[in-house]
There are 2 protein chains.
Amino acid sequence: MSQLTGPVPDTVFPRLGWVDDLVVPALREAVGALPAAEARVAGYHRGWTEADGAPVESTPRRGKAVRPALTLLSALAVGGSARDALPGAVAVELVHDFTLLHDDVIDGDALRRHRPAAWSVFGTSAAVLAGDALLVAAMRAVSDVPCRSAAAVAELVGALMELVEGQSADVAFEEAPAVSVPQYLGMAGGKTGSLMGCACALGGVLAGADGERVGGLREFGRRLGVAFQCADDVLGIWGRSRRSGKPVGSDLAARKKSLPVVAALAGEGAAARELRALYASPHPLAEQEVVVARELVERAGGREAAEEEARRQLAEALRALSYARPSADVYRQLQEIAWAMVRRDA
Amino acid sequence: MSQLTGPVPDTVFPRLGWVDDLVVPALREAVGALPAAEARVAGYHRGWTEADGAPVESTPRRGKAVRPALTLLSALAVGGSARDALPGAVAVELVHDFTLLHDDVIDGDALRRHRPAAWSVFGTSAAVLAGDALLVAAMRAVSDVPCRSAAAVAELVGALMELVEGQSADVAFEEAPAVSVPQYLGMAGGKTGSLMGCACALGGVLAGADGERVGGLREFGRRLGVAFQCADDVLGIWGRSRRSGKPVGSDLAARKKSLPVVAALAGEGAAARELRALYASPHPLAEQEVVVARELVERAGGREAAEEEARRQLAEALRALSYARPSADVYRQLQEIAWAMVRRDA
């Protein structure tokens with residue numbers, strides 16, 4: 001892998017259309033069961049409807065729900081059926097939407113998935129309440145499983161607690177004078193790794209896998225999540241566009257402590273010193289300063305460090321996956337998804 | 001019971017000090033296990049600490065955590081031990097705090113428990129995230145129970161979904177041109193009844209009671225919650241002070257559709273007509289208009305209707321309690337709490 005942000009043919013995700021065929025109807029049912037106001041906010045947030053509730057005309061790209069795909073493939077990896085794991089797939093996607101809705105309120109981000117964020121359309125109150133509703137719906141999805149619900153609930157609750165810790169650390173980083181790379185990785189492990197780890201582990205749990213295989217799946221997902229976050233941080237500065245649908249450069253403008261910046265700020269050379277001076281200002285960076293900062297982060301080695309970390313985490317993820325003893329075919333599919341998640345820039 | 005808001009000797013709650021002795025250390029442990037920032041917001045919100053984290057000097061009044069008391073007494077009512085029900089008591093109190101933190105964000109209320117609301121001290125983001133953390137901690141409390149965790153989780157998840165529905169309805173009422181008394185009761189059943197019903201049901205579930213007894217406890221708590229909400233709405237207009245720690249008259253100033261207002265607006269006489277005209281204004285009511293509105297609500301029969309509804313719900317609650325076949329001693333204790341919750345005004 002030469003360039004994390006280099007163009008990669010988008011061949012993996014369309015082949016996951018069968019995941020959508022299973023998950024989307026179940027997700028629509030779960031969202032449809034929410035109170036009307038929360039269902040409307042969630043439907044808009046997911047890109048199903050416009051702000052006024054009208055269905056979105058264009059067909060969304062298929063196979064983009066990576067967490068449900070990880071859950072269903074993880075179940076297959078340990079010899080289970082995708083259908084058994086469906087409640088887990090629904091739960092992790094609902095939790096994902098809960099985090100996005102609340103994160104955008106918390107960060108004040110006005111764009112999400114290339115559209116105005118839900119809070120900016122429906123108001124903060126509506127976004128908070130819709131997020132709460134989605135979190136409860138996720139809990140209901142796993143607590144309704146006929147058997148294995150106790151293990152599934154425990155898996156989800158553990159991940160949620162780590163998620164909150166990661167989000168808390170992310171917010172704390174904004175005020176922190178200095179953040180180390182290990183601190184960053186701990187935050188990313190909570191904020192992004194915990195839910196992907198849960199997505200994979202739930203597939204194993206709901207397929208009835210033993211603790212060792214579930215542990216392998218959890219670690220695979222967790223490391224993959226961290227690798228994904230490292231790569232997303234790189235895209236947030238140098239990508240042509242960004243998976244999250246947020247504008248490129250906004251992280252720098254907000255002086256966010258993403259991994260390339262954290263690594264660069266810890267450097268010793270002239271570029272690192274200049275960057276520290278620029279980041280010491282309490283104000284958002286102006287457009288020209290963003291250009292300068294991007295250059296400084298690269299010269300101070302921040303980009304290389306982040307790309308290297310993404311590769312390292314990805315390698316660890318695939319090593320952990322082997323502990324789950326997946327069938328060769330499913331291993332290859334999970335590996336392809338993992339590569340695509342860390343490499344692609346569309 | 002002649003007057004819902006008449007002075008009642010505050011003799012019941014101090015006798016529940018043993019509830020605090022069990023619950024407060026467990027609550028402190030649960031809150032202490034949160035990330036530091038969320039623990040600080042939650043500690044302030046509970047009245048344990050000042051905004052800067054310093055311990056609050058004055059000793060808070062004991063025995064005020066009514067939901068945990070209901071849980072522990074419900075366990076005793078069906079022959080179980082209070083200690084078995086402790087995780088349920090902790091969970092419902094954590095959920096209660098979650099709802100208060102998010103409600104104050106959603107409603108923009110600046111006062112809570114006679115102090116500045118957490119969001120106004122720490123910011124909206126911190127209050128949202130602390131609420132999320134408390135909700136997850138509540139789920140953890142019940143999912144960690146050695147056995148019976150599946151039933152306990154299902155009980156809590158069901159209540160949470162109703163809670164979200166009630167909160168959603170409450171928000172929708174603000175824009176609704178007219179709200180009927182049955183609609184109000186449905187909202188109050190979700191917003192207040194569901195968690196009190198859950199508090200009681202969890203006591204039964206964790207004590208291993210059968211479905212009929214758990215159902216009786218749930219209905220008792222649910223009706224009691226609605227009765228409490230009706231009485232609190234009366235206090236919100238005519239009380240000397242108010243349990244929630246919000247200023248008296250603020251409901252009217254915000255043209256909130258509390259039960260006395262809902263009942264009065266549905267009336268036919270001159271007072272109801274005048275009140276409808278006053279409430280048709282899109283602006284908050286001025287101080288003099290609040291005085292006029294209070295008078296109109298009373299003359300249109302809104303106060304009497306709300307007090308009557310509270311009494312009716314309380315009677316239904318106590319009837320449902322008998323289905324749980326509690327011991328005579330515990331029945332008397334629960335009855336005293338119920339009376340005190342609906343009658344007292346301090």
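Keep in mind that what you see is a predicted model, and the values were worked out from it rather than measured.

On to the interface of chain B and chain A. Across the boundary between the two partners, chain B contributes 32 residues, which contact 32 residues of chain A. Together, the buried faces of chain B and chain A total about 2600 Å²; carbon and sulfur atoms form 80% of this surface. For the interface between chain B and chain A, the tally reads zero salt bridges. For the pair chain B and chain A, the interface holds six residue pairs in polar contact (both at pLDDT 80 or more). Put simply, the parts of the chain that give the side of chain B that touches chain A at least two residues each are α2 (36-45), α4 (86-107), α6 (124-143) and α7 (149-175) of chain B. Ranked by residues supplied to the side of chain B that touches chain A, first place goes to α6(B) with twelve residues.

All names here are of chain B. For H45, the position within the fold is in helix α2. Only 3.2 Å separates the side chain of H45 from the side chain of D97, close enough to count as a polar contact. When neighbours within four sequence positions are excluded, H45 is seen to be in contact with D97, L100, L101, R112 and R113.

A few words now on the packing of aromatic side chains. Residues and elements named next belong to chain A. Inspection of the entire model under this criterion finds two aromatic pairs over all chains. Aromatic side chains Y44 and F122 sit 5.4 Å apart centroid to centroid with 75° between the ring planes, which places their arrangement in the edge-to-face category. Of this pair, Y44 sits in helix α2 (residues 36-45) while F122 sits in helix α5 (residues 118-122); the two residues are 78 residues apart in sequence, bridging distant segments of the chain. Residue Y44 is classed as buried on the basis of its relative accessible area, which comes to 6%. In this structure, R115 is placed above the aromatic ring of Y44, and the distance from its NZ or CZ to the ring centre is 4.1 Å.

Residue placement: A:V248 occurs in the loop between α9 (211-238) and α10 (250-253). Residues A:V248 and A:G236, twelve residues apart in the sequence, show an inter-C-alpha distance of 5.1 Å.

Moving on to the confidence of the model for chain A. Residue-level pLDDT values for chain A average 89, and 92% of them are 70 or greater. Here residues 1-9 of chain A is a poorly scored stretch, pLDDT under 50, and it has 23 contacts once near neighbours within four places are set aside; other chains count.

Once that is clear, we can look at unusual backbone geometry. All names here are of chain A. Residue R148 is not a glycine yet carries a positive backbone phi of 65°. Within the secondary structure layout, R148 lies in the loop between α6 (124-143) and α7 (149-175). Its relative accessible area of 40% is what places R148 among the partly exposed residues.

Let us look at the packing of α6(A) against α4(B). Packing of α6(A) against α4(B) brings their axes to within 9 Å, and their N-to-C directions diverge by 155°. If you check the angle between α6(A) and α4(B), you find them roughly antiparallel. The chirality of how α6(A) crosses α4(B) is left-handed. Between α6(A), through A:S125, A:V128, A:L129 and A:D132, and α4(B), the contact on the second element is made entirely by B:F98, B:H102, B:V105 and B:I106. Considering only residue class, the contact of α6(A) with α4(B) consists of five nonpolar, two polar and one charged.

A rotation about some axis, followed by a shift along it, carries one copy of the chain onto the other. When chain B is fitted onto chain A, the two copies agree to an RMSD of 0.0 Å after a turn of 180° and an axial shift of 0.0 Å. Taken together, the turn and the small shift mark the pair as related by a two-fold rotation axis. It is B:A150 whose C-alpha, among those of chain B, lies nearest the rotation axis, at 2.9 Å. A high fraction, 100%, of the interface residues of chain B reappear at the interface in chain A, so the copies pair face to face through one surface.

Following the criterion strictly, the structure yields 35 salt bridges over all chains and no others. In this structure, A:E308 and A:R311 form a salt bridge, with 3.5 Å as the shortest nitrogen-oxygen distance. With A:E308 and A:R311 both in helix α14 (residues 302-323) and three residues apart, the pair spans about one turn of that helix. Judged by its relative accessible area of 25%, A:R311 falls in the partly exposed class. Between B:E219 and B:R223 there is a salt bridge, with its nearest N and O atoms 3.0 Å apart.

The rules behind these values
- Residues numbered from 1 in each chain as written.
- Chains lettered and ligands numbered in written order.
- Predicted model: local features only at pLDDT ≥ 70, side-chain atom pairs only at ≥ 80, totals over all residues.
- Heavy atoms only, no water.
- Contact = heavy atoms within 4.5 Å.
- Buried area = accessible area lost by both parts, 1.4 Å probe.
- Salt bridge = Lys/Arg side-chain N within 4 Å of Asp/Glu carboxyl O.
- Polar contact = N/O pair within 3.5 Å; in protein donor to acceptor, adjacent residues only side chain to side chain.
- Helix = DSSP H or I, 4+ residues; strand = E, 2+ residues; numbered from the N terminus.
- Phe/Tyr/Trp six-rings, centres within 6.5 Å; stacked < 30°, edge-to-face > 60°.
- Buried < 20%, exposed > 50% of the residue type's maximum accessible area, 1.4 Å probe, protein only.
- Lys NZ or Arg CZ within 6 Å of the ring centre and 35° of its normal.
- pLDDT = per-residue confidence, 0-100.
- Axes fitted to C-alpha atoms, helices over the stretch in contact; angles between N-to-C directions.
- Parallel < 35°, antiparallel > 145°, perpendicular 65-115°, else oblique.
- Left-handed = near helix turned anticlockwise from the far one by under 90°.
- Nonpolar A, V, L, I, M, F, W, Y, C, P; charged D, E, K, R; others polar.
- Least-squares fit on C-alpha atoms with pLDDT ≥ 70 in both.

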